[in-house]
Amino acid sequence: VIDVNSPSKDSNGKGVLFQQFKSIHGADTVPQPKPQPDGLLVVCQELGLAPEDCVYIGDSPSDGVAAKAAGMPSIAVMWGSHA
């Protein structure tokens with residue numbers, strides 16, 4: 001588990017690890033959360049990538065549904081909230 005907001009914070013209050021990502025979205029930053037593909041598609045758009053050129057790694061059935069709806073390959077892992 002990685003807490004992107006701690007322990008070291010920058011002047012904007014964001015964790016140092018947070019700065020390593022070019023696009024971060026969750027259920028509260030897109031119109032519709034998973035299983036809708038909105039979050040995946042917004043990230044692809046922000047990165048200038050086609051969904052089919054990305055891979056979504058998830059630990060829940062809704063992750064696979066969202067990836068399929070986005071046209072993105074996915075990998076299911078056997079840990080996390082649905083393990």
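Structure: see above.
Right, let's walk through the structure included here. Here the structure is a predicted model, which means the values were calculated and not measured.

**What to know about the overall build of the protein chain**
Right, on to step 1. Of the regular secondary structure elements, the protein chain holds two helices and two strands.
Right, on to step 2. Listing every helix and strand of the protein chain by position from the N terminus yields α-β-α-β.
Right, on to step 3. Within the protein chain, residue pairs in contact and separated by at least 24 positions form 22% of the contacts whose partners lie at least 6 positions apart.

**Digging into the pattern of salt bridges**
Right, on to step 1. Summed over the entire model, instances satisfying the criterion amount to one salt bridge.
Right, on to step 2. Where lysine 34 meets aspartate 63, a salt bridge forms, and the shortest distance between an N and an O atom there is 2.4 Å. Here lysine 34 is found in the segment before α1 (38–47), whereas its partner aspartate 63 is found in helix α2 (residues 61–70), with 29 residues between them in sequence.
Right, on to step 3. Since its relative accessible area comes to 39%, lysine 34 is described here as partly exposed.
Right, on to step 4. The class of aspartate 63 is buried, set by a relative accessible area of 3%.

**Comments concerning unusual backbone geometry**
Right, on to step 1. Each neighbour pair has its own omega, and for lysine 34 with proline 35 the value is 15°, a cis peptide bond.
Right, on to step 2. Along the chain, the position of proline 35 falls in the segment before α1.

What counts, and where the lines are drawn
- Residues numbered from 1 in each chain as written.
- Predicted model: local features only at pLDDT ≥ 70, side-chain atom pairs only at ≥ 80, totals over all residues.
- Heavy atoms only, no water.
- Helix = DSSP H or I, 4+ residues; strand = E, 2+ residues; numbered from the N terminus.
- Contact = heavy atoms within 4.5 Å.
- Salt bridge = Lys/Arg side-chain N within 4 Å of Asp/Glu carboxyl O.
- Buried < 20%, exposed > 50% of the residue type's maximum accessible area, 1.4 Å probe, protein only.

Taken by themselves, the reported measurements are silent on function.
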